[in-house]
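Spelled out from the first residue to the last, the chains are:
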Amino acid sequence: KIEKAKPIKCGTFGATSLQQRYLATGDFAGNLNIWNLEAPEIPVYSVKGHKEIINSIDGVGGLGIGEGAPEIVTGSRDGTVKVWDPRQKDTPVANMEPVQGESKRDCWTVAFGNAYNQEERVVCAGYDNGDIKLFDLKTMSLRWETNIKNGVCSVEFDRKDVNMNKLVATSLEGKFHVFDMRTQHPTKGFASVSEKAQKSTIWQVRHLPQNRDIFMTSGGAGSLHLWKYEYPAQRSRKDSEGAEMGVAGSVSLLQNVTLSTQPISSLDWSPDKKGLCVCGAFDQTVRVLIVTKLNKI
């Protein structure tokens, strides 16, 4: 148990090895700190990353998940998304911010993907106005953007360490969207299917590490929903002009449970034990759950 002067909003182990187990955190003052939990008095890396609170953080390149550099991405209320390499002091390796004249939007969620070799890597960011932006770190450019018309609470690729396959984005008004990321049409972008899970906010989405077509969403009404994505017969087709466009699949509800009268705001699966998961809720309770029969799906 470690207490720090500034409240911590988010954290990840994703950019470190299992041997090191360094925890990267973002706090309410905009600081990114990396802590060695064996000696947590002083951070091993510290930078004033943002002008305002860091809402979301993700790591890649550590834990054997994703090729390439051990990087951390942070998204902030100041409207910027920054990628950090702890081996480089003080300055981010990438900085995605609004262009001049464009209003800054509160970035609520960030996620790495496409890290299947040493060169390729993308960052997906979701904003309070419904914007979803995909930044390509290889070309340092905005690769794609869309708007789901409601604040984006959580985004996650089904796996970080493969060719982009699927992306799930959850929103304030109880809807989630699954984008097929294999085929990008020049004008229409990525095909998607949306599902209204409940009336309240979907706080988080987490894919089952052992089966990327199964994912869990956690809700503002204190419920968890377990979903399965079904691929279409053909994942792409040619449009009238001969350009490849994606074809979205369908989503089915496998199971749901209400655990609390308060929102379930965080959720994670065990990478080792299939079906073991943990969630935290606004009722200040941590619950450990086991989902059975996943091997039969």
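- Looking at an unreviewed UniProt entry, one finds the chain named Dynein axonemal assembly factor 10, with Podilymbus podiceps as its source organism.
- Taken from UniProt, the Function (unreviewed entry) comment for the chain reads in full: "Key assembly factor specifically required for the stability of axonemal dynein heavy chains in cytoplasm."
- Quoted straight from UniProt, the Subcellular location (unreviewed entry) entry for the chain says "Dynein axonemal particle".

**With respect to the pattern of salt bridges**
- Across all of its chains, the model carries 20 salt bridges by this definition.
- Its salt-bridge partner being Arg 121, residue Glu 71 comes within 2.8 Å of it at the nearest N-O pair. Of this pair, Glu 71 sits in strand 6 (residues 71–76) while Arg 121 sits in the loop between strand 9 (107–113) and strand 10 (122–127); the two residues are 50 residues apart in sequence, bridging distant segments of the chain.
- Taking relative accessible area as the criterion, Glu 71 reaches 12% and is therefore assigned buried.
- Residues Glu 156 and Arg 206 are paired through a salt bridge, measuring 3.5 Å at the closest nitrogen-oxygen approach. Here Arg 206 lies in strand 17 (residues 202–208) and Glu 156 lies in strand 13 (residues 152–157), a separation of 50 residues in the sequence.
- Classification of Glu 156 by relative accessible area gives buried; the value is 17%.

**A short note on the sheet that holds strand 16 (residues 189–196)**
- Within the open sheet, the four strands sit side by side as 13-14-15-16. Their pairing is antiparallel. Only two strands of the sheet have a single neighbouring strand rather than two, namely strand 13 and strand 16. Each neighbouring strand pair of the sheet contributes to a mean axis angle of 20°, computed without reference to strand direction.
- Sheet topology note: the strand 15 (residues 175–185)/strand 16 ladder contains seven bridges and is antiparallel. Paired with His 177 across the bridge in strand 16 is Ser 194.

**Some details on the sheet that holds strand 10**
- If you walk across this open sheet you meet the four strands as 9-10-11-12, and the pairing is antiparallel. Of all strands in the sheet, those bounded by a partner on one side alone are strand 9 and strand 12 (141–147). Sheet twist, expressed as the mean angle between neighbouring strand axes with direction ignored, is 20°.
- Pairing geometry for strand 11 (residues 131–136) and strand 12, over six bridges, is antiparallel.

**What to know about a nonpolar patch on the surface**
- The grouping of Ile 2, Phe 13, Leu 18, Leu 37, Leu 63 and Ile 65 at the surface amounts to a nonpolar patch, some 500 Å² of accessible area in total.
- By the secondary structure assignment, Ile 2 is in the segment before strand 1 (8–12).

Definitions and limits used
Residues numbered from 1 in each chain as written. Predicted model: local features only at pLDDT ≥ 70, side-chain atom pairs only at ≥ 80, totals over all residues. Heavy atoms only, no water. UniProt positions renumbered as here; feature names shortened; annotations may be inferred. Salt bridge = Lys/Arg side-chain N within 4 Å of Asp/Glu carboxyl O. Helix = DSSP H or I, 4+ residues; strand = E, 2+ residues; numbered from the N terminus. Buried < 20%, exposed > 50% of the residue type's maximum accessible area, 1.4 Å probe, protein only. Pairing = 2+ DSSP bridges. Axes fitted to C-alpha atoms, helices over the stretch in contact; angles between N-to-C directions. Patch = residues over 30% accessible without salt bridge, like charges linked within 9 Å, V, L, I, M, F, W, Y side chains within 5 Å. Areas by Shrake-Rupley, 256 points an atom, 1.4 Å probe, with all protein chains shown as cover.

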